[in-house]
Amino acid sequence: MQDLEGKTAVVTGSASGMGLAFAECLGSEGMNVVLADIEEEALRTATARVEALGANALAVVTDVSDEASMDHLGDATRKAFGPAHLVCLNAGVSAPTGPMDTLTSNDWSWTLGVNLWGVIHGIRVFLPELKARDEGHIVVTASVAGLTSYPWLGPYNASKHAATSIAETLYSELADSGSKVRVSCLCPGAVATNIGTSERNRPKELEDEKGPPPAQGDLSEFADTFGGFAKPPAEIAEIVLAAIVEDRFWIETDDYYREPIRARHHSIENRTEPPARGMILNPYIEN
Ligand SMILES: NC(=O)c1ccc[n+]([C@@H]2O[C@H](COP(=O)([O-])OP(=O)(O)OC[C@H]3O[C@@H](n4cnc5c(N)ncnc54)[C@H](O)[C@@H]3O)[C@@H](O)[C@H]2O)c1
């Protein structure tokens, strides 16, 4: 999609991290920006930052996991600016990491509610108007965890593989029908955001009594290592902007995990064992 100026972007999860960087970047391009997030105060501050860039900005407190809340986001956007042109389905959380048998139903429900249902609701609410105009772009924020399967990150991996699959399915449907609506699948590696404190947004009804941390198998032991790789969100926003303008589907932001992706595909093609822990974490440990 070229000529962004004067068009309307919706960004979920835009009170922090990558979503905020997208909102600022798109506002700087002259787009009207609708910022949607569950965190009310941070959303207000983020919206003021986008307005300070000279953009028209609207804050809509939204829980992406909730159908009615996402319907409201669609209505509020249309009321303020008309139908959307660009929709970044970006809100996401990461539940505590640990082996599968240490995870609770609430960990799964919360992660899938935000990371998977947020994308499903976003497509349901906004795709019809993009198709009706036969113009527009949807960016689904997946992850490298949507292309490989990290140990101890079960719900997050599952949600991001689902997000990748939804983006690919949508691409296929749009391409097959000759639509001019485009879709991109964003698969970043480590980015310096607030994802490490996702628990701040877990709803009370999905909280558990805190048990002891798993005896072994907790990705937080790699937090410093991941941190050393983390890119600034603004750098990711520039990469995403270029992909939107160039109509690119895959948006990969790092080269260091190409080998684990290749190893996974190799195992599928050759019907061999999937790559396990060492292979997936090696890029972080060795580089
Ligand atoms: N940070 C990384 O290393 C990394 C890597 C790959 C992919 N991602 C993905 O990037 C996306 C953005 O995350 P981030 O890293 O910027 O983290 P972040 O915590 O800084 O931002 C996430 C935003 O989502 C919002 N949010 C959480 N639950 C919500 C809900 N139910 N409804 C609406 N908003 C909600 C949060 O309030 C926050 O503003 C996520 O989908 C995440 O999974 C992050």
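Throughout, residues of each chain are indexed from 1 in the direction in which the sequence is written. Per-residue local features are limited, in this predicted model, to residues with pLDDT of at least 70; the limit for side-chain atom pairs, both in listing and counting, is 80 or more; totals at the level of whole chains, interfaces and linings are taken over all residues. Just so you know, side-chain values use all the structure's heavy atoms and leave hydrogens and water out.

### Let's talk about the domain arrangement of the protein chain
Filter applied, for reference: Just so you know, the domain bounds were taken from an automatic or database domain assignment.
In terms of domain boundaries, the protein chain breaks down into domain 1 (8–254) and domain 2 (258–287). One C-alpha centre belongs to domain 1, the other to domain 2, and the line joining them spans 25 Å.

### Points about the site of the ligand
Using the following cut-off: Only a single heavy atom is needed: when it lies within 4 Å of a molecule or strand, its residue is near that molecule or strand. We define a polar contact as two N or O atoms separated by no more than 3.5 Å, with the added condition that, inside protein, one atom must be a possible hydrogen donor and the other a possible acceptor, whereas residues neighbouring each other in sequence contribute only through side-chain atom pairs. The protein chains shown are the only cover counted for residues, whose accessible areas, like all others here, come from Shrake-Rupley with a 1.4 Å probe. Under the DSSP-based scheme used, a helix requires at least four consecutive residues in state H or I and a strand at least two consecutive residues in state E, with every element numbered from the N terminus. Residues are sorted three ways: Asp, Glu, Lys and Arg are charged, Ala, Val, Leu, Ile, Met, Phe, Trp, Tyr, Cys and Pro are nonpolar, and all the rest, Gly among them, are polar.
The environment of the ligand is made up of 30 residues, and the closest members are Ser16, Asp37, Asn90, Tyr156 and Thr193. Gly189 has a polar backbone atom sitting 3.5 Å from an oxygen atom of the ligand. When isolated, the ligand has an accessible area of 820 Å², and the protein chains bury 97% of it. Of all the secondary-structure elements, those providing two or more residues to the shell around the ligand are helix 1 (17–28) and helix 6 (154–176). Class assignment for the residues of the shell around the ligand results in 13 nonpolar, 12 polar and five charged.

### Examining the environment of Asn270
Assignment of secondary structure puts Asn270 in helix 9 (residues 258–270). Separated by 231 residues in the primary sequence, Asn270 and Glu39 have C-alpha atoms spaced 46 Å apart. A polar contact of 2.8 Å, which involves the side chain of Asn270, links it to the backbone oxygen of His266.

### Let's talk about the nonpolar core
Stated formally: Put simply, buried Ala, Val, Leu, Ile, Met, Phe, Trp, Tyr and Cys residues joined by side-chain atoms within 4.5 Å make one nonpolar core. The rule is simple: take the accessible area with a 1.4 Å probe, protein chains only, and divide by the maximum for that residue type; under 20% is buried, over 50% is exposed, in between is partly exposed. Residue contacts are defined here by distance: any two heavy atoms, one from each residue, within 4.5 Å place the two residues in contact.
Grouped together as the largest cluster of nonpolar side chains are 50 residues, with contacts concentrated most on Leu73, Ile123, Phe126, Ile138, Leu170 and Val183. The element best represented in this core is helix 5 (residues 117–133), accounting for six residues. Contacts of Val183, omitting those with residues within four sequence positions, involve His137, Ile138, Ala167, Leu170, Tyr171, Leu174, Arg248 and Phe249.

### Considering the sheet that holds strand 1 (residues 8–12)
The cut-off we apply is this: Strand pairing is assigned whenever DSSP detects at least two bridges linking the two strands. Axis lines are fitted to C-alpha atoms, over the contacting stretch for helices. Their N-to-C directions set the angle, which ranges from 0 to 180 degrees.
A sheet is described by the order of its strands in space; here seven strands give the open sequence 3-2-1-4-5-6-7, paired in parallel fashion. Edge positions in the sheet fall to strand 3 (57–61) and strand 7 (250–252), since each of these pairs with one other strand and no more. Here the strands of the sheet are splayed against their neighbours by 15° on average, with no regard to which way each runs. Relative to strand 5 (residues 137–141), strand 4 (residues 86–89) runs parallel, the two being bridged by four bridges. Directly across from Leu86, in strand 5, lies its bridge partner His137. On top of the sheet, helix 2 (residues 40–52) reaches strand 2 (32–37) and strand 3; it is set at about 170° to strand 3, its chief contact.

### Description of helix 3 (residues 67–81)
Selection criterion: Here the expected span of a helix is defined as 1.5 Å times the quantity of residues minus one. Note that the arc is computed from the directions linking the helix axis to the C-beta atoms.
If you check helix 3, its first and last C-alpha atoms are 21 Å apart, about what 15 residues at 1.5 Å a residue would give, namely 21 Å. When helix 3 is considered as a whole, its buried residues turn out to be Ser69, Met70, Leu73, Gly74, Ala76 and Thr77. On an axial view of helix 3, the arc spanned by its buried residues comes to 165°, and they lie on one face. Of the residues in helix 3, the exposed ones pointing more than 90 degrees away from the buried face are Ala68 and Lys79. Two to three positions downstream of the cap, the backbone nitrogen of Ala68 sits 3.3 Å from a side-chain oxygen, assigning the N-cap of helix 3 to Asp66. Just past helix 3, the residue Gly82 takes up positive phi, approximately 85°.

### As for the side chain of Asn106
Looking at the element boundaries, Asn106 is found in helix 4 (residues 105–115). Excluding residues that lie within four positions of it along the chain, Asn106 makes contacts with Arg202, Glu205, Leu206, Glu207 and Asp208.

### Points about the pairing of strand 2
Stated formally: Handedness is read with the strands pointing away from the viewer; a crossover is right-handed when the path from the first strand over the helix to the second is clockwise.
Strand 2 sits mainly inside the fold: six of its six residues count as buried. When strand 1 meets strand 2, the two strands line up parallel, connected through five bridges. Counterpart to Ala9 in the pairing with strand 2 is Val33. On the question of chirality, the crossover connecting strand 1 to the parallel strand 2 by way of helix 1 is right-handed. In terms of strand pairing, strand 2 meets strand 3 through five bridges, oriented parallel. Bridge pairing in strand 3 links Ala36 to Val60. In this view, the connection linking strand 2 to its parallel neighbour strand 3 by way of helix 2 has right-handed handedness.

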